[in-house]
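Observations on the model geometry
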Number of protein chains: 2
Amino acid sequence: MGIPLRQLEAFHAVCRAGNVTKAAQSLGISQPAVSRLLATFSGSVGFELFKKEGGRMVPTPESAFLLREVERLLENLDNIGRLSIDLADRRAGHLRIACLPGFATSHLPQVLAGFLEDRPRVRVTLEPDRPERILEWIIDEHYDCGISDELSTHPMVESRLVGMRTVCILPLGHRLAARSEIRPEDLIDERMVHTRRDSAFFLQLNEAFATRGLNLDSRLETRQFTAACMLVAAGAGVSVVSEMDAREYEGRGLVLRPFVPQIPHRLVLLLPSGARSSMVALDFLEVFEASLEPFRIR
Amino acid sequence: MGIPLRQLEAFHAVCRAGNVTKAAQSLGISQPAVSRLLATFSGSVGFELFKKEGGRMVPTPESAFLLREVERLLENLDNIGRLSIDLADRRAGHLRIACLPGFATSHLPQVLAGFLEDRPRVRVTLEPDRPERILEWIIDEHYDCGISDELSTHPMVESRLVGMRTVCILPLGHRLAARSEIRPEDLIDERMVHTRRDSAFFLQLNEAFATRGLNLDSRLETRQFTAACMLVAAGAGVSVVSEMDAREYEGRGLVLRPFVPQIPHRLVLLLPSGARSSMVALDFLEVFEASLEPFRIR
DNA sequence: CGTCAGTATAACAAAATGTTATTGTTTTCA
DNA sequence: TGAAAACAATAACATTTTGTTATACTGACG
């Protein structure tokens, strides 16, 4: 059978203290208790643990050799104690996030940094990818939560929809910057930067033009709002993007104006369904959702 | 207080087995015992340890995180168990040997290799140096045993004297090789290779010449018998050295002949006094002493 | 030599860990 | 669906480990 832990603790304490009495004090138990633990331990290992040397208990070469291992063990145990407290407080664990590429660079880093500030033992894996892959990853439970823009109907995934406000962005000094708000008809002569033609957001935007009998001049297509921001700032055209992303790039050559009608960008937060999530993941998603509040519709 | 080890063992066993009953079997105890350990553990850490998933106990993300640490701990404990057995069997430990430089290359390696063969967990540090330093090191307990050629009177050091047979060595084809034994008078016209002028062995050798009214022709002085062997083999002269070293170099251009009178080379084995030695060190010294037997006087 | 600090031993109390018996739960499968 | 089977939880109690206090032993030291 294994060696009783208490014996190792006693052995360690005596090595450190140099005598049984002080060791007992440091363990918060009585001296005879330590004496006996030691005697039992010595009996079971089969060699002398200590030599008495001028009133001090000095480890024999053998037990000195053992001591190093025992110290490692006790440190390890200590670590487990603290870790389990952190886990209970949701201050430790592994948080695996799959997100749209745009988030990996623009809004998420701030939120994540804040989240980790008082959770020093949380380890994070951040994986940016396309929505279909994000969904797969959540289903396979390779990731704990996903930030995407496509709703899922998969039974193993719980998705939470968040409607995000969008704005029209213009390069600095653009003629339309004089307007207090922008409408589809203002943009008919503009080169538009927009998301993929098959994206839900583009379809809605296009619809806004179509119902007014207007044609959206599609020139530049990109997956990410962040890329659209950079393109507009560089003078490549104008765009309608999530206000959150626009704010991130404000001051770098962008002008923001309300777009009417308001077209929501549907963000989707994904979780494995059925309470299989880690507590840290749940906490994180809560924090993340709160961070979206200023840019949310209603 | 620390987490009781048994709870960690139970937790680990259930994670591996996937259900409490098998875990109990693997621990060799009853199922209710494991159930309770688990319940207590869960209560004290403050979070759920398992989710039941189709008849299997699956760790929650939190406890999966803990599990890795627990596994390390248990491995560590296992290791301590085996280590203490090895230490008791004198099959583990650290053996620090300080020796004369000659031994580091000529006789010791063989002996050491044999010694370590069935003591795979013994770690060795071998430090060749001059006799004075060897003594210091033993006194300071930086080394467990010393192989030297100077007796010590230091109270903290126990020294054991071993008289070693010496022989005269000649280069192959030397005129004296015809003799069955060599005497001082045979060597008066020879260039002598010998140990340091202030070494005990040289003084004895010189004495053998002096009492016969002869003069030892000192040409080549070296600390080591092994070096003397190489020099003689190379035709640099003749010498009187420990038979043990001579045998080591026999067949490499050396001829051995008895030297009369027999002058013992006094080897000295050193140990820290007062039973402060590790058991491995004592074992080693015993083995080493035995290895000297064939070359010992009487 | 007696004192003192420290260690070991004895006798017993409390806590942890084990047991068997039994009762709830799920899962599985006819 | 519902009964059998498999498994987990609980209860009541035995055993072992770990703790306690009281006291005897031991070696270092003035």
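Procedures and definitions
Residues numbered from 1 in each chain as written. Chains lettered and ligands numbered in written order. Predicted model: local features only at pLDDT ≥ 70, side-chain atom pairs only at ≥ 80, totals over all residues. Heavy atoms only, no water. Helix = DSSP H or I, 4+ residues; strand = E, 2+ residues; numbered from the N terminus. Buried < 20%, exposed > 50% of the residue type's maximum accessible area, 1.4 Å probe, protein only. Lys, Arg positive; Asp, Glu negative; His and termini not counted. Salt bridge = Lys/Arg side-chain N within 4 Å of Asp/Glu carboxyl O. Contact = heavy atoms within 4.5 Å. Near = heavy atom within 4 Å. Polar contact = N/O pair within 3.5 Å; in protein donor to acceptor, adjacent residues only side chain to side chain. Nonpolar A, V, L, I, M, F, W, Y, C, P; charged D, E, K, R; others polar. Arc of directions from axis to C-beta. Domains from an automatic or database assignment. Pairing = 2+ DSSP bridges. Axes fitted to C-alpha atoms, helices over the stretch in contact; angles between N-to-C directions.

1. A closer look at the side chain of Glu 62 of chain A
Relative to the helices and strands, Glu 62 of chain A is located in helix H4 (residues 61-88). No salt bridge is formed by the buried Glu 62 of chain A. Its closest oppositely charged neighbour is Arg 90 of chain B, at 6.5 Å. Other than its neighbours up to four places away in sequence, Glu 62 of chain A contacts Phe 47 of chain A together with Leu 87, Ser 278, Met 279 and Val 280 of chain B.

2. Considering the protein's contact with DNA strand D
Inspection of the region around DNA strand D gives 16 residues, with Arg 6, Ser 30 and Arg 36 of chain A together with Thr 21 and Gln 31 of chain B positioned closest. Here a base nitrogen of DNA strand D sits 2.4 Å away from a polar atom, N or O, in the side chain of Arg 36 of chain A. Note that a phosphate oxygen of DNA strand D is positioned 3.2 Å from one of the side-chain N or O atoms of Ser 35 of chain B. Listing elements by their share of the surface near DNA strand D, those giving two or more residues are helix H3 (31-45) of chain A together with helix H2 (20-27) and helix H3 (31-45) of chain B. Among the elements that take part in the surface near DNA strand D, H3 of chain A stands out by supplying 4 residues, more than any other. Among the residues forming the surface near DNA strand D, the class breakdown is 8 nonpolar, 5 polar and 3 charged.

3. Observations concerning helix H6 (residues 108-117) of chain B
Residues and elements named next belong to chain B. Looking only at H6, the buried set comprises Leu 108, Val 111, Leu 112 and Phe 115. Projected onto a plane normal to the axis of H6, the buried residues spread over an arc of 95 degrees and lie on a single side. With respect to the buried face of H6, the exposed residues turned more than 90 degrees away are Gln 110 and Glu 117. Packed against the buried residues of H6 are strand S3 (92-99), helix H5 (101-105), strand S4 (121-128), strand S5 (145-148) and helix H11 (279-292).

4. Details of the domain arrangement of chain A
Here chain A is described as being made up of domain 1 (5-88), domain 2 (92-163 + 266-295) and domain 3 (166-263). Averaged C-alpha coordinates put domain 1 of chain A and domain 3 of chain A at centres separated by 70 Å.

5. Some points on the sheet that holds strand S9 (residues 218-221) of chain B
Residue and element names in this part refer to chain B. The 5 strands lie next to each other as S9-S8-S10-S7-S11, forming an open sheet whose pairing is mixed. Bordering the open sheet on either side are S9 and strand S11 (254-258), each of which pairs with just one other strand. Between one strand and the next, the sheet's axes are offset by a mean angle of 35 degrees, whatever the strand orientation. Bridge analysis of strand S8 (residues 192-194) against strand S10 (residues 238-242) gives 2 bridges, and the strand direction is parallel. Opposite Met 192, over in S10, you have Val 238 as the bridge partner. Along the sheet, helix H8 (residues 200-211) contacts strand S7 (166-171), S8 and S10; its crossing angle with S8, the most-contacted strand, is approximately 145 degrees. In this fold helix H9 (residues 225-233) packs onto S7, S8, S9, S10 and S11, with an angle of close to 150 degrees to the strand it touches most, S10.

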